Amino acid sequence: MTQCARGAGHHATALAPDASLTDNINMPLSPARTIDAPLPSLQHWVDALLDAPVPVLPGTVAELSQLRDIEDSHGSVDAHTLSEAFGHDPLMTLSVLTHAARHCRRAGVEPPETLVGAIVMLGIGPFFKAYEAPVSVLDWLRPHPEAISGLLKVVTRARRASRFAVSFALRRQDEDAVVIQEAALLHDFAEMMLWCHAPALAQTMASRLADDHTLRSAQVQRDVLGIELGDLAQLLMRAWSLPPLLIECTDDRIAHHPKIRTTMLAVRLARHSQHGWEDPHAVAALPDDVADVAALLNVSRDAAWNLIQGIDS
């Protein structure tokens, strides 16, 4: 197979014109129903979320509207401008990557590894056509206002993880720093999807973890959902035919490679410190986290801690 886009997309090649590329990412304004009880198996969860709508952050909806007006008036919007506008939105990033991968699969070519590459592959006009009327999470979750706060907390954590990841990757001079950054941003997308499509279950998990910060997330997930969200994310990404490097960098079970360790450490730091660096859970985990960052970057522990604090400031 040939590769249709890689890295930042500088050498990406757009697919041949295809009417399906211009189809809107249509969805209702709010979910007709939600998943209110654990599903029977991991495969049932995959089936339920495989084609589920992905609403986006309200800022993304606003940015798309403004950039569409600019493109219509001047034709001056490019893939990098679009990526910078909503690359902080893990839900939009996921939607675009899966949309592009779907068309690459039909065309028999490899999917783009980055958001920029995916937009280049789709083409600016078809991209705007596909996302003509994106739905904000505020509208999607209007019947479940308590879920909006829960979702945004996961998004905030994902953004912090992505900042840690790209900073570590650049320090390592990793040529795949952009992929690593997006892997950290997307690492917890299954939890975000849960807030969108099973808000009551997501709230139950969040309440248990808030009541006891020492609980392991994976155990709470098994207790409430009957599965681990990491397993669900891996199966969904493979079913969507997302790029292998992106899938590998989000797989907690194979953290031996420096690229994957970079992502995992970034996610760990963001998770452990999500309630502040003074939180007992963060204090307990910090020595190991700092030591692992120091080993990854081949610096002293003091240098690693100063770097972490600088990134998070």
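Residues numbered from 1 in each chain as written. Predicted model: local features only at pLDDT ≥ 70, side-chain atom pairs only at ≥ 80, totals over all residues. Heavy atoms only, no water.

**Considerations on the packing of helix α2 (residues 58-74) against helix α3 (residues 79-86)**
Our working rule: Here an angle of 0 to 180 degrees is reported between the N-to-C directions of two axes, which are lines fitted to C-alpha atoms, with helices fitted over the stretch in contact. Counting from the N terminus, the helices are DSSP H or I runs at least four residues long and the strands are E runs at least two residues long. By definition in this entry, angles of less than 35 degrees are roughly parallel, angles greater than 145 are roughly antiparallel, angles of 65 to 115 are roughly perpendicular, and the rest are oblique. By the definition used in this description, the sense in which the near helix is turned from the far one sets the handedness, with an anticlockwise turn below a right angle giving left-handed and a clockwise turn giving right-handed. Any two residues having at least one pair of non-hydrogen atoms within 4.5 Å are treated as being in contact. Nonpolar residues are Ala, Val, Leu, Ile, Met, Phe, Trp, Tyr, Cys and Pro. Charged residues are Asp, Glu, Lys and Arg, and all others, Gly as well, are polar.
The geometry of α2 relative to α3 is characterised by a closest axis approach of 9 Å and an angle of 155° between their N-to-C directions. Viewed along their axes, α2 and α3 adopt a mutual orientation that is roughly antiparallel. Pair α2 / α3 crosses with right-handed handedness. Contacts between α2 and α3 involve Thr60, Glu63, Leu64 and Leu67 on the former and, on the latter, Thr81, Leu82, Ala85 and Phe86. Along the lines of polarity and charge, the residues of the contact of α2 with α3 split into five nonpolar, two polar and one charged.

**Some points on the confidence of the model for the chain**
Note the following rule: A residue's pLDDT is the predictor's confidence in that residue, given on a scale from 0 to 100.
Residues with a pLDDT of 70 or more make up 92% of the chain, whose mean pLDDT is 90. Ranking the helices and strands of the chain by mean pLDDT puts helix α10 (residues 189-197) first, with 98, and helix α16 (residues 280-297) last, with 93. Confidence over residues 1-13 falls short of pLDDT 50; this stretch has 38 contacts with residues more than four positions distant or in other chains. With pLDDT under 50 throughout, residues 16-20 is counted as low confidence; its partners more than four residues away or in other chains account for three contacts.

**Side note on the side chain of Asp89**
Applicable threshold: Exposure is judged per residue with a 1.4 Å probe applied to protein chains only, and the accessible area is read against the type maximum: over 50% gives exposed, under 20% gives buried, and values in between give partly exposed. Charged residues are defined narrowly, with Lys and Arg counted positive, Asp and Glu counted negative, and His plus the chain ends left uncounted. Whenever a carboxyl oxygen of Asp or Glu lies within 4 Å of a side-chain nitrogen of Lys or Arg, that contact is scored as a salt bridge.
Looking at the secondary structure, you find Asp89 in the loop between α3 and α4 (90-107). One buried charge, Asp89, has no salt-bridge partner; the nearest side chain with opposite charge is Arg159, at 6.2 Å. When neighbours within four sequence positions are excluded, Asp89 is seen to be in contact with Val56, Leu57, Thr60 and Leu185.

**Re unusual backbone geometry**
Here Ser241, not a glycine, exhibits a phi torsion of approximately 60°, which is positive. Here Ser241 is to be found in the loop between α13 (229-239) and α14 (244-249). For Asn298, which is not a glycine, the phi torsion comes out positive at approximately 60°. Turning to its location among the elements, Asn298 is positioned in the loop between α16 and α17 (301-312). Taking relative accessible area as the criterion, Asn298 reaches 72% and is therefore assigned exposed.

**Examining helix α1 (residues 42-49)**
Which entries qualify depends on this criterion: The arc in question is the one spanned by the directions pointing from the helix axis to the C-beta atoms.
Taken as a whole, α1 has its buried residues at Trp45, Val46 and Leu49. Down the axis of α1, the smallest arc covering the buried residues is 100°, so these residues share one side.

**With respect to the nonpolar core**
Cut-off, in case you're wondering: The definition of a nonpolar core used throughout is a set of buried Ala, Val, Leu, Ile, Met, Phe, Trp, Tyr and Cys residues joined through side-chain atoms within 4.5 Å.
Membership of the largest hydrophobic core comes to 103 residues, with the highest contact counts inside it found for Phe86, Val96, Phe127 and Phe168. Sort the elements by how many residues they give to this core and helix α8 (residues 145-171) lands first, with 12 residues. Sequence-distant contacts of Val96, defined by excluding residues within four places in its chain, comprise Phe86, Leu115, Ala118, Ile119, Leu122, Phe127 and Tyr131.

**Observations concerning the pattern of salt bridges**
For the structure shown, the criterion picks out 14 salt bridges. Across the pair Arg157 and Glu191 runs a salt bridge, and its minimum N-O distance is 2.7 Å. Within this pair, whereas Arg157 is found in helix α8, its partner Glu191 is found in helix α10, the two being separated by 34 residues in sequence. The two residues Arg157 and Glu191 agree in class, both being buried. Linking Glu228 and Arg222 is a salt bridge whose minimum nitrogen-to-oxygen distance equals 2.2 Å. Note on Glu228: relative accessible area 26%, which makes it partly exposed. For Arg222, a relative accessible area of 36% corresponds to the partly exposed category.

**Overview of empty space enclosed by the protein**
Our working definition: Both cavities and pockets are sets of points on a 1 Å grid over the protein atoms alone; in a cavity a 1.4 Å probe fits but cannot get out, in a pocket the set is open with protein on both sides within 12 Å along at least five of seven lines, and lining residues sit with an atom within 4 Å of a point. Grid points are joined across faces, edges and corners, and a volume is the space filled by probe spheres set on the points.
Counted according to the given criterion, the structure contains one cavity of 30 Å³ or more. The calculated volume of the largest cavity comes to roughly 50 Å³. For the lining of the largest cavity, the per-class residue count stands at eight nonpolar, one polar and no charged.

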